Amino acid sequence: MSALQFLLTCFNVLRYLLFLIADIPIAMAATRNVMRAVRVFEFGDPEVLKLQSDVLIPVPKENQVLIQVHACGVNPVETYIRSGNYARKPALPYTPGSDVAGVIEGVGEHVTAFKKGDRVFTTGTISGGYADYAVAAANRVFPLSDKLDFRQGAAIGIPYFTAYRALFQKGRAKAGESVLVHGASGGVGIASCQIARACGLKVLGTAGTEEGMNIVLRNGAHQAFNHREANYIDKIKEHTGMEGVDIIIEMLSNVNLATDLQLLSYGGRVMVVGSRGPIEINPRDTMSKESSIIGVSLFLETEEERHECATALLDGIEAGWLKPIVGSEYPLEKVVKAHEDIIRSSGARGKMVLLP
């Protein structure tokens, strides 16, 4: 090969390499426009949850932010919605998930409270949280303290806002009263124990395992009971004596509501946070103590109530008493198993989260 041919060959190779390099940003830009997200195209069993890798990254509109999701909480209500057995049904297809924690990737017009790079958590999303990115309304986004990691941030939303609403905005709890958290080792249960203890209530909690009971005791409960024991109701009655309990935070009303009414004090309140079906009760049990059964739905909170709750919880984080306990962790690829386990688990041990 002559020197001239060699130089021409080198020039052509160099030109080809420059062509490839010039194409890289275009390819990367195209890649950045899509993300992984769990999509539901029909209501049904957990198998309807489909992980797709070619979903367009949503663009934040006015008063919205785009969040790169580092963790997303899994809540029982999301399984009810997915099954189609819930009063609120999203338009299909949709991506589940409301409680994300992550970093602001971009902001829409008129958003001044957040900027790119801020650590945040949410109490709701617009595009869905089971994804690499999520869009949320700016008024449903809150700063995430450096005291908490992203997994803990994803455990705040529905659990802590529901617990606060049940105790104070609907249950009118006061310092010195007693509260029984029926199913206290899960997300809402732990939140209820921590908040109630910090606010001066006497806290009783139940769990289904020894490990769960220990978690409950470490997170604010003065006394814990195993609700899988046949005589645990008698133990609660023995502990409370003739007084009964002032408030019950009930996670499984379709099983426990009738018994709850017998545990209440005069003027006591059962706060219905969760239910998986119907149950028969004796209305006379409410008459004899002038007790109340009160439903709790976070979907109905007003802007003022959300602000009140957020202020109290953010203060709790800074004070150190609000510390979410993270339980099972699943990658997005295992979302079907996550939805199976949250309903069929033998006993909750903290908040379940997805990790994109």
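Structure first, text after, so check above.
Quick look at the structure, then. (Residues numbered from 1 in each chain as written. Predicted model: local features only at pLDDT ≥ 70, side-chain atom pairs only at ≥ 80, totals over all residues. Heavy atoms only, no water.)

1. Description of the packing of aromatic side chains
Inspection of the entire model under this criterion finds six aromatic pairs. Ring centres of Y164 and F168 lie 5.2 Å apart, and the angle between their planes is 50°; this geometry places the pair in the tilted category. With a gap of four residues between them, Y164 and F168 both fall in helix α4 (residues 157-170), about one helical turn apart. Accessibility classification places Y164 together with F168 in one group, the buried group. Here a set of aromatic residues connected by ring pairs shows up, and it is made of Y80, Y86 and F299. Directly above the aromatic system of F299 lies the positively charged group of R88, at a separation of 4.2 Å from the ring centroid. In this structure, R119 packs its charged tip against the face of F150, placed 4.7 Å from the ring centre. (Phe/Tyr/Trp six-rings, centres within 6.5 Å; stacked < 30°, edge-to-face > 60°. Helix = DSSP H or I, 4+ residues; strand = E, 2+ residues; numbered from the N terminus. Buried < 20%, exposed > 50% of the residue type's maximum accessible area, 1.4 Å probe, protein only. Lys NZ or Arg CZ within 6 Å of the ring centre and 35° of its normal.)

2. Overview of α4
Of all 14 residues making up α4, 13 are buried, and the element is well covered by its neighbours. R172 lies just past α4 and shows a positive phi near 55°.

3. Observations regarding the sheet that holds strand β9 (residues 202-207)
Across the sheet, which stays open at both edges, the six strands sit in the order β10-β9-β8-β11-β12-β13 with parallel pairing between neighbours. This sheet does not close on itself; its edge strands, each paired only once, are β10 (223-226) and β13 (292-295). When the angles between neighbouring strand axes are averaged without regard to direction, this sheet yields 20°. In this structure, β9 lies alongside β10, joined through four bridges in parallel fashion. Directly across from G205, in β10, lies its bridge partner A224. Contacts from helix α6 (residues 210-218) reach β9 and β10, with the element oriented near 160° to β10. (Pairing = 2+ DSSP bridges. Axes fitted to C-alpha atoms, helices over the stretch in contact; angles between N-to-C directions. Contact = heavy atoms within 4.5 Å.)

4. Describing the pattern of salt bridges
According to the stated counting rule, one finds 15 salt bridges in the structure shown. Across the pair K115 and D118 runs a salt bridge, and its minimum N-O distance is 3.0 Å. Classification of K115 by relative accessible area gives exposed; the value is 53%. For the salt bridge of E303 with R306, the shortest nitrogen-to-oxygen distance reads 2.8 Å. Residue E303 and its partner R306 are both found in helix α10 (residues 303-319); the two are separated by three residues, about one turn of the helix. Connected via shared salt-bridge partners are R36, D132 and E333. (Salt bridge = Lys/Arg side-chain N within 4 Å of Asp/Glu carboxyl O.)

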